[in-house]
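Report on the structure
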Amino acid sequence: MTTDLFHDRRVTAGLLAEIAGLAGRAPAPVRLMEVCGTHTMAIHRHGLKDLLREAGVEMISGPGCPVCVTPDGYHETAIRLVTERENFILATFGDMTRIPTRLGSLQTAVPARGSAVKIVYSPAEAFETARRNPSKEVVFFGAGFETTIPAITVTALRALSERLDRFSVLTAFWTIPAPLRAILTAGEARISGFLYPGHVSAIIGLEPYRFVAREFGLPGAVSGFEPADILLGIRSVLEQIRDGRPRVDNAYARVVRTEGNPAARAVMEDALEPCDALWRGLGRIPGSGLRFKPQAAAVDAAGKYGLRPSDDAGDAPGCRCGEVLRGILSPSRCGLFGRTCTPEHPRGPCMVSLEGACLVHHKYRGPVRAVKRKI
Amino acid sequence: MCLAIPVRVVGIDPSGETGKVDYLGTKIGANFALIKDIRVGDWVIVHAGFAISRLDENEARETLDMLREVQRAGEG
Amino acid sequence: MDKISLELGGGGKTMRDFIARTILPTFGNPRLAPLLDAAHLPGKIAFTTDSYVVDPVFFPGGDIGTLAVNGTVNDLVVSGAKPLFVSLALIIEEGLETSSLNRILRSVRKAADKAGVEIVTGDTKVVRRGQGDGLYINTSGIGRVVARPRPRAIKPGDRLILTGTLGEHSLAILAARGEFGFENPVKSDCAPLTFLLPLWNRGVRWMRDVTRGGLATVLSELAGESPRPLLVEEKDIPLSAAARAAAGLLGIDPMYMACEGRAVMVVPEARAAGVLAFLRKHSQGRRAAIIGRAEKTVGRPGELLLRTESGGLRLLEPLTSELLPRIC
C-alpha cells in the first residue's frame, strides 16, 4: 500500500514533534474538543489519540454524531412507520438501523405487509426508490448536520417540483454552532480549544464559529480528516494559544472557503427554518434545529403522516451518553463501558453509532500495557 | 457525520445536475446541485452522493508542499 | 436470541458465539474441537464442508459454482491437506433458468479441473419458488494430510505473509448487486490456493484463507491461539485501488472485506524471504507481502495489534456485526 503524504509516518512524526513543543510551553494542560464524530473516528482509528496524549494534548469528543444526539423517540417513530403501515419503505443511512429502542431497532423490526427498511447511502437513492415503486410510500429518515442537510433538502425540493407525492422526509436536522454555545455556556467541560468539523464548515464557512473566539476567548481550527489534516489543525490551535490570539483558523483551505458554500446555504434558507430541538444529553436548545417551512409541507413526513416524534431520549439506566456528548465524561470512565455496555450489547447510542465516542474508544483502543514504541 | 472524499468529475448528464465521479478508478453517480458551474475535470468533495465543495487546487498544492517539507525534515 | 437473525451467518462475533455456545457443547469431540477449516481424521484424511448462499449467483470473475469448489479446496489447503475429492449438493429454487444451472455446473467442472479435484458424489433437491435465492450449493471435500498447522509453535519474529490484495471478492459482489450506484471494474479474486501446498514443506506454521470477516477476523482467531501477540503493519497491506476506493466512497474497512482466493500465513523469520519469492513467481501471488509479525516486546499474548500508517498503535478487533457502509 503506497502511503500518501497525509498518512506518511514521517509527516505525522514531524507534526507531533512540533505539537509536543508547543504543548509543553502552553500555560495550562491542553484539552481540545473535536466536535465531529468523523474526527473522533479518525483520531482513534489512526492511533493518534495516544500519540497526541504523549505529545501533551488530550482530545475530548463532542456532540457531533447525528445518530447519537437524535432521541430514541425519532427512531421509534421511524420503526412504527414501517411496522404499522403497509406498502411503506423507510429509507435510511445504515447506522441509524442499529439503535436499540423500546421497540427494538430498525434492523430487527418486522415490517408490515409489503413494507421494508432500505439502507441507502444517499437521499437521492431514496428518491429513486420512490420513483421506481409506484405502489409504495417512501419516507427518508433524514438525520444529519449541515454537511448532509443540503443534500436531503435538495432531494426534498426535487420531490416537490416533480410532484413525487409518494416521497417525504422525516427530519432530524441538527446544527453545529448551537450545541457548542450550550457546552461553553454550561462551563462544565474544561476545553482549551476546538477542532471544527471540516465538511460541516465546507457548507457553513467560518463565521458561525467566531463567537467562540470573541465571546469565550477560545482558539479553534477548521480541520480535515486525514491524519496530517488533524495534526495541522491541532498545531494551529496550539499556535493560537502560544500567541494569545484566539480566532477561527482554516486549516482545511483546499476544501473550505471562508464563506462556505453559499449555494448550499441558499437551498437551506429556501426550504428550512430554525426550530427548537431537544438533543440527547444536551437538552432543549432554542433554534438549534431546522425543519421544513410550511410551503414544503407536502414533503414533510411529520405533517403528512401526523407524526409527533417523542422527545424521550429513552436512555437505559446507568447510560451516561449525555455526559459523553457534553464532553465531560470520557467513555472509558463510564461504569458500563466495556462491561455491560459493549459493541455487541450496547446500552446507548454512543456505543452503537460507528462514530459514537464510546464505540470508537472501544473498537480502536490501544494495547493494555502501553509500551514505548520504537521508531 | 462527515465522510467525504475528493473525486474527479468524469461525466455530466444533460440536466447538468447529476453525473459521474471517479475515485481511484471506481465510478459512482453524484449530484452537482450544490456546486455552481460544474465541469468535467473538476475535483469535488462528495458526501452522501452530493458534491458539497470544489477542491481548490492551489491550496491543495500548498498543503502538499508543506507536508513534503515536514517529511523531508523528518528524514534528516 | 429467540429467533435466528441474519447475523448468525455473517462471520462475526454472533456466529463465533453460536459455535462456542451451541455447536461445540452439542457435538463436542476431539476432532471438532480445534475448529480447523478441515478436520483431520485417521488415515491422514482431511474432511471439510461448506455451503454457498451468495447473492447474486453470477458476479464478475466467477459464480456460485466457482466459489463452491474453490472454497472447499482452499479450506483443505490451509488445513495442510492436498484436495482430492469433492461432493456437490444442489438446492435449486423452482423456476431457475436451466441455462443458468448449466452454466454454473460448467463452472464447477472448470474449477474442479483447475484445482485438480474430482466431483465424486452429489445430490439434487428443488424447493418452492421464493425459498432459494436461485440456488444454494453445499460442497464437502476430502484431502490427503501433508502437514499439520501448528499455531502454538509460533515464535517471536515469525512473519505474517499475505498472498495478495484484499477485498476484491466483496467488491465484485457489491458491484454486481448494483447497490449504491457503484461501478467498478474489479473481478472477484475467487481462485484455488493449491499452489500454496509446497509451502507446507518450507516451514509454514499456519495458514488461513481470508474469507468472511476479512483479514482482521482471521488474524484475531490466530491471535487467540498464538503464544505471542501479533502485530500488523497497516502500510504494508496490499490493497487494490478498487478496495481503497470503496473504503473512501462507502466507508467500508478493507480489513473486514471477504476474499475468496487469498491466504495469510505464518512463516519463521529465516524462511520469509524464500516464501515471498515463491509466491511472487505465481500469477496469484504477485502482490504477496510481509504484513506483520509475531511480537516479542509489544503487547500481550492473545492481542492482535495494528501499527497504523501514521505510526499509532491500537488493537485490531474481529468483525462484530454485519458491515454496513456508513456515511455519517
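Residues numbered from 1 in each chain as written. Chains lettered and ligands numbered in written order. Predicted model: local features only at pLDDT ≥ 70, side-chain atom pairs only at ≥ 80, totals over all residues.

What follows is about the overall build of chain C. Check the secondary structure of chain C and you find seven helices and 15 strands. At 19 Å, chain C has a C-alpha radius of gyration in line with the 20 Å of a compact globule built from 328 residues. Overall size of chain C, expressed as C-alpha extent along the three principal axes, is 60 × 55 × 45 Å. Considering only intrachain contacts with a sequence separation of at least 6, the fraction spanning at least 24 residues in chain C is 83%. (Helix = DSSP H or I, 4+ residues; strand = E, 2+ residues; numbered from the N terminus. Rg over C-alpha atoms; globule rule 2.2 N^0.38 Å. Contact = placed C-beta atoms within 7 Å.)

In this assembly, 29 residues from chain B lie in contact with 40 residues from chain A. Secondary-structure elements contributing two or more residues to the side of chain B that touches chain A are β4 (43-47), β5 (50-54) and α1 (57-75) of chain B. At eleven residues, the largest contribution of residues to the side of chain B that touches chain A is made by α1(B). Of the residues that constitute the side of chain B that touches chain A, the class distribution is 17 nonpolar, seven polar and five charged. (Nonpolar A, V, L, I, M, F, W, Y, C, P; charged D, E, K, R; others polar.)

In this section: the sheet that holds strand β10 (residues 206-209) of chain C. Residues and elements named next belong to chain C. Strand order in this open sheet of seven strands is β10-β12-β8-β13-β11-β14-β15, and the pairing throughout is mixed. Whereas interior strands pair on both sides, the edge strands pair on one side only; in this sheet they are β10 and β15 (313-315). Between one strand and the next, the sheet's axes are offset by a mean angle of 25°, whatever the strand orientation. Where β10 and strand β12 (residues 263-267) come together, four bridges link them in antiparallel fashion. Within β12, the position partnered with Met207 by the bridge is Met265. Where helix α5 (residues 214-225) meets the sheet, its contacts fall on β10, β11 (230-233), β12 and β14 (304-307), and the angle it forms with β11 comes to roughly 155°. Against the sheet, helix α7 (residues 272-281) makes contact with β8 (159-162), β12 and β13 (289-294), and its axis sits at roughly 5° relative to β8, the strand it touches most. (Pairing = 2+ DSSP bridges. Axes fitted to C-alpha atoms, helices over the stretch in contact; angles between N-to-C directions.)

Let's shift gears to the pairing of strand β3 (residues 88-92) of chain A. All names here are of chain A. Burial analysis of β3 places five of its five residues in the buried class, the great majority of the element. Where burial is concerned, the two faces of β3 agree: the one with Phe88, Leu90 and Thr92 and the one with Ile89 and Ala91 are both buried. Here five bridges tie β3 to strand β5 (residues 137-144), and the two strands are oriented parallel to one another. Its bridge partner being in β5, Ile89 is matched across the sheet by Val138. Pairing of β3 with strand β4 (residues 116-119) involves four bridges; the strand directions are parallel. Residue pairing in the sheet places Ile89 in a bridge with Ala116 of β4. (Buried ≥ 20, exposed ≤ 12 C-beta atoms within 10 Å, placed from the backbone.)

With that settled, the discussion passes to the interface of chain B and chain C. Contact with chain B, which involves twelve residues of that partner, is made by 15 residues of chain C. Among the elements that line the side of chain B that touches chain C, the one with the most residues is strand β3 (residues 26-31) of chain B, at four residues. Tallied by class, the residues present in the side of chain B that touches chain C amount to seven nonpolar, four polar and one charged. Where β3(B) and strand β9 (residues 182-183) of chain C come together, two bridges link them in antiparallel fashion. Within the sheet, the bridge partner assigned to Ile28(B) lies in β9(C) and is Phe182(C).

Before going further, it helps to spend a moment on the domain arrangement of chain C. Residue and element names in this part refer to chain C. For chain C, the assigned domains are domain 1 (38-145) and domain 2 (151-315). The centre of domain 1, based on its C-alpha atoms, is set 24 Å off from the matching centre of domain 2. Opposite the 20 residues of domain 1 that make contact, domain 2 presents 22 residues. It is helix α2 (residues 64-78) that contributes the most residues to the side of domain 1 that touches domain 2, eight residues altogether. Considering only residue class, the side of domain 1 that touches domain 2 consists of ten nonpolar, eight polar and two charged. (Domains from an automatic or database assignment.)

Moving on to unusual backbone geometry. Going from Asp55(C) to Pro56(C), the amide bond is cis rather than trans, its omega being 5°. Within the element layout of this structure, Pro56(C) appears in the loop between β2 (45-52) and β3 (58-59).

On to helix α6 (residues 241-250) of chain C. Residues spaced three or four apart along an α-helix face the same direction, because each turn holds 3.6 residues. Most of α6(C) is tucked away, with eight of its ten residues classed as buried. Looking at α6(C), one finds that the buried residues are Ala242(C), Ala243(C), Arg244(C), Ala245(C), Ala246(C), Ala247(C), Leu249(C) and Leu250(C). In this structure, the buried side of α6(C) is in contact with β1 (5-12), β2 (18-23) and β3 of chain B together with α4 (168-176) of chain C. Among the residues trailing α6(C), Gly251(C) stands out with phi positive, at a value near 70°.

All names here are of chain A. With respect to the helices and strands, the residue Ala178 is situated in helix α8 (residues 177-186). As a C-alpha pair, Ala178 and Pro286 span 108 residues in sequence and 8.2 Å in three-dimensional space. Sequence-distant contacts of Ala178, defined by excluding residues within four places in its chain, comprise Ile285, Gly287 and Ser288.

For the rest of this paragraph, the subject is the packing of α2(C) against helix α3 (residues 98-115) of chain C. Residue and element names in this part refer to chain C. Here α2 crosses α3 at 30°, and the two axes come no closer than 7 Å. As far as their axial angle goes, α3 and α2 are roughly parallel. Remark: the crossing between α2 and α3 carries right-handed chirality. Counting all contacts with α2, which are made through Ile64, Gly65, Thr66, Ala68, Val69, Asn70 and Val73, the residues of α3 involved are Ile104, Leu105, Ser107, Val108, Ala111, Ala112 and Ala115. Taken together, the residues of the contact of α2 with α3 break down into ten nonpolar, four polar and no charged. (Parallel < 35°, antiparallel > 145°, perpendicular 65-115°, else oblique. Left-handed = near helix turned anticlockwise from the far one by under 90°.)

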